[in-house]
Amino acid sequence: MKKILFILTGGTLASTGSENGLKPSLSAEDIFKDFGGMARNYTITFRELWSLDSTNMQPEEWQELATVIYEESNGGIYDGIVIIHGTDTMAYSASAVSFMIKNPSIPIVFTGSQLSIENPVADAVENCRAAISMAGSGVPGIYVAFDRKVMLGCRACKSRTKSFDAFESINYPYVATISSGGLEINEKRIIESSGKMSLDTTICTDVFLLKLIPGIEPDILDYLYEKGYKAVYIEAFGRGGIPFMRRNMAEAVNRVMEKGMIVVVGSQCMYEGSDFSIYEAGQKALKAGVIESRDMTTEAAVTKLMYVLGHTQDIEKVRAEFAVSYCGEIKIKTHN
């Protein structure tokens with residue numbers, strides 16, 4: 001019988017009502033009683049790590065969570081790990097852990113729910129069932145399981161606030177789906193291991209996310225530089241357009257990059273990614289020296305930027321790291 005470890009971090013799935021609204025407070029015992037026959041074919045162990053609303057999950061928690069996952073994966077005890085996590089920042093945590101743990105040796109699956117497991121119409125049990133199935137599949141990797149779909153952790157994005165189909169796999173097919181035929185894995189979309197599992201939680205959090213709007217003043221970049229940010233990730237327009245008339249953002253990008261600030265740019269559009277070669281506005285951004293994030297999610301781009309900056313702040317080395325894929329986060333050559 002396969003052994004699955006559940007790591008509990010809180011989130012809506014583990015929440016109950018309070019005078020201040022829903023808050024994570026259910027114990028492992030409370031959650032397990034609602035599993036019913038779902039765990040019949042597995043030996044389930046729980047580890048209660050935190051009881052946090054995921055809005056309070058920050059880089060320090062990513063580092064501790066990655067360390068715990070690595071240690072539990074490395075012991076040879078468990079066939080898979082499921083992380084119960086709040087939905088609001090799950091995509092950030094799954095992406096961050098995907099960069100911190102290289103070549104995972106077992107399936108590591110994030111899941112959560114839109115309603116507490118105590119709610120009779122909740123999606124919690126169904127999502128846990130999907131997560132257990134993937135965790136017991138024997139296919140190593142870091143995944144998010146939600147609404148009978150399994151996606152790469154670095155490709156997941158929360159796209160809906162209330163619906164049960166809250167997560168999408170952005171610019172990458174689902175790695176598995178669940179139907180009447182059971183768990184159906186898309187073998188062609190699994191990221192193959194390229195070596196031994198390793199852990200590296202070194203990051204730099206001096207990163208700012210900036211979404212462009214018409215009329216934005218370019219000196220916002222100078223302000224961010226003066227405030228000590230080492231890098232900024234810009235969500236630009238369309239395929240990657242940065243304004244250069246009247247309020248010349250492209251010139252401001254060049255100015256701060258010459259001072260040593262790193263600027264990575266992607267599209268505000270969730271799907272299909274950027275291509276700076278198409279329009280004059282994009283080409284001017286490239287000439288200014290920006291690093292293009294192509295088809296990455298914002299969550300993956302930001303966490304990868306933090307991870308890479310933790311190891312180098314040399315612009316050309318950062319550029320080189322964004323030109324390779326660590327865990328399937330970007331559609332280009334794979335990382336060695």
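Going by the structure above, here's the rest.
These notes cover the structure that comes with them. All residue numbers refer to position in the chain's written sequence, counted from 1. Reporting in this predicted model follows two pLDDT cut-offs: at least 70 for local features of residues, and 80 or more for side-chain atom pairs to be given and counted; totals over whole chains, interfaces and linings ignore these cut-offs and use all residues. Computation of side-chain values: all heavy atoms of the structure, hydrogens and water removed.

Only runs of H or I of at least four residues qualify as helices and only runs of E of at least two qualify as strands under DSSP, and these elements are numbered from the N terminus. Within the protein one finds 9 helices and 18 strands. Note on method: radius of gyration uses C-alpha positions; expected globular size equals 2.2 Å times residues raised to 0.38. For 336 residues, the compact-globule estimate of 2.2 N^0.38 gives 20 Å, and the protein sits close to it at 20 Å. With respect to the principal axes defined by its C-alpha atoms, the protein has extents near 65 × 50 × 35 Å. Evaluated residue by residue, the protein yields a buried proportion of 53% over its 336 residues. In this description, contact between two residues means that some pair of their heavy atoms is separated by no more than 4.5 Å. Considering only residue pairs separated by 6 or more positions, the protein has 70% of its internal contacts joining residues 24 or more positions apart. All accessible areas in this document rest on Shrake-Rupley with a 1.4 Å probe, and a residue is counted as covered only by the protein chains that are shown. When the accessible surface of the protein is split by element, carbon and sulfur atoms take 47% of a total near 15,000 Å². Working convention for charge: Lys and Arg count positive, Asp and Glu count negative, and His plus the chain ends are omitted. Here the site of a charge means atom NZ of a Lys, CZ of an Arg, CG of an Asp or CD of a Glu. Here the protein contributes 33 positively and 41 negatively charged side chains, and the mean placements of these two sets differ by 5 Å. Only protein chains enter the calculation, and the probe is 1.4 Å; a residue is then buried if its accessible area is under 20% of its type maximum, exposed if over 50%, and partly exposed in between.

The pairing of strands in a sheet comes from backbone hydrogen bonds and takes either a parallel or an antiparallel form. Ordered in space as β4-β1-β5-β7-β8-β9-β12-β13, the 8 strands form an open sheet in which the pairing is mixed. Among the strands making up the open sheet, the edge pair consists of β4 (42-52) and β13 (182-185). On average, each strand axis in the sheet is inclined to that of its neighbour by 20°, with strand direction left out of account. Only when DSSP finds a minimum of two bridges between them are two strands counted as paired. Note: strand β7 (residues 107-111) against strand β8 (residues 141-146), 4 bridges, orientation parallel. Structural elements are reduced to axes, namely lines fitted to C-alpha atoms, with helices fitted over the stretch in contact, and the angle between N-to-C directions of any two is expressed from 0 to 180 degrees.

Right, let's get into the packing of helix α3 (residues 90-100) against helix α8 (residues 298-309). Viewed as axis vectors pointing N to C, α3 and α8 meet at an angle of 40°, and their least axial separation amounts to 8 Å. As the angle between them shows, α3 and α8 are arranged oblique. Crossing angle aside, the handedness with which α3 passes α8 is right-handed. Residue-level contacts link Ala91, Tyr92, Ser95, Ala96, Phe99 and Met100 of α3 to Thr298, Glu299, Ala300, Val302, Thr303, Lys304 and Tyr307 of α8. Throughout, the ten residues Ala, Val, Leu, Ile, Met, Phe, Trp, Tyr, Cys and Pro are labelled nonpolar, Asp, Glu, Lys and Arg are labelled charged, and all others, Gly among them, are labelled polar. Split into classes, the residues belonging to the contact of α3 with α8 amount to 8 nonpolar, 3 polar and 2 charged. Angles are sorted into four bins: roughly parallel if under 35 degrees, roughly antiparallel if over 145, roughly perpendicular if 65 to 115, and oblique for all others. By convention the crossing between two helices is left-handed if the near helix lies anticlockwise of the far one by an angle smaller than a right angle, and right-handed if it lies clockwise.

Before going further, it helps to spend a moment on the nonpolar core. Nonpolar core, defined: a set of buried Ala, Val, Leu, Ile, Met, Phe, Trp, Tyr and Cys residues in which side-chain atoms within 4.5 Å join the residues together. In terms of nonpolar packing, the biggest core is built from 87 residues, with Phe6, Ile7, Leu65, Ile69, Phe110, Tyr143 and Leu305 touching the most fellow members. No other element matches α8, which puts 8 residues into this core. Residues in contact with Ile69, not counting those within four places in the same chain, are Ile7, Ile81, Ile83, Val97, Ile101 and Ile108. The next biggest cluster of nonpolar side chains, apart from the first, holds 22 residues, and it includes Ile234, Ala236, Val256 and Val263.

Next up on the list: the sheet that holds strand β18 (residues 291-292). Judged by pairing direction, the sheet is parallel, and its 4 strands sit side by side in the order β15-β16-β17-β18 without closing on themselves. The open sheet terminates on both sides in strands that have one partner only, identified here as β15 (207-211) and β18. By the bridge criterion, 5 bridges tie β15 to strand β16 (residues 231-236) in an arrangement that is parallel. Across the sheet, Leu210 pairs through a bridge with Ile234, a residue of β16.

With respect to the element layout, Pro243 can be found in the loop between β16 and α6 (249-258). Residue Pro243 is classed as partly exposed on the basis of its relative accessible area, which comes to 25%. Aside from chain neighbours lying at most four places away, what touches Pro243 is Leu212, Phe237, Asn248, Met249 and Ala250.

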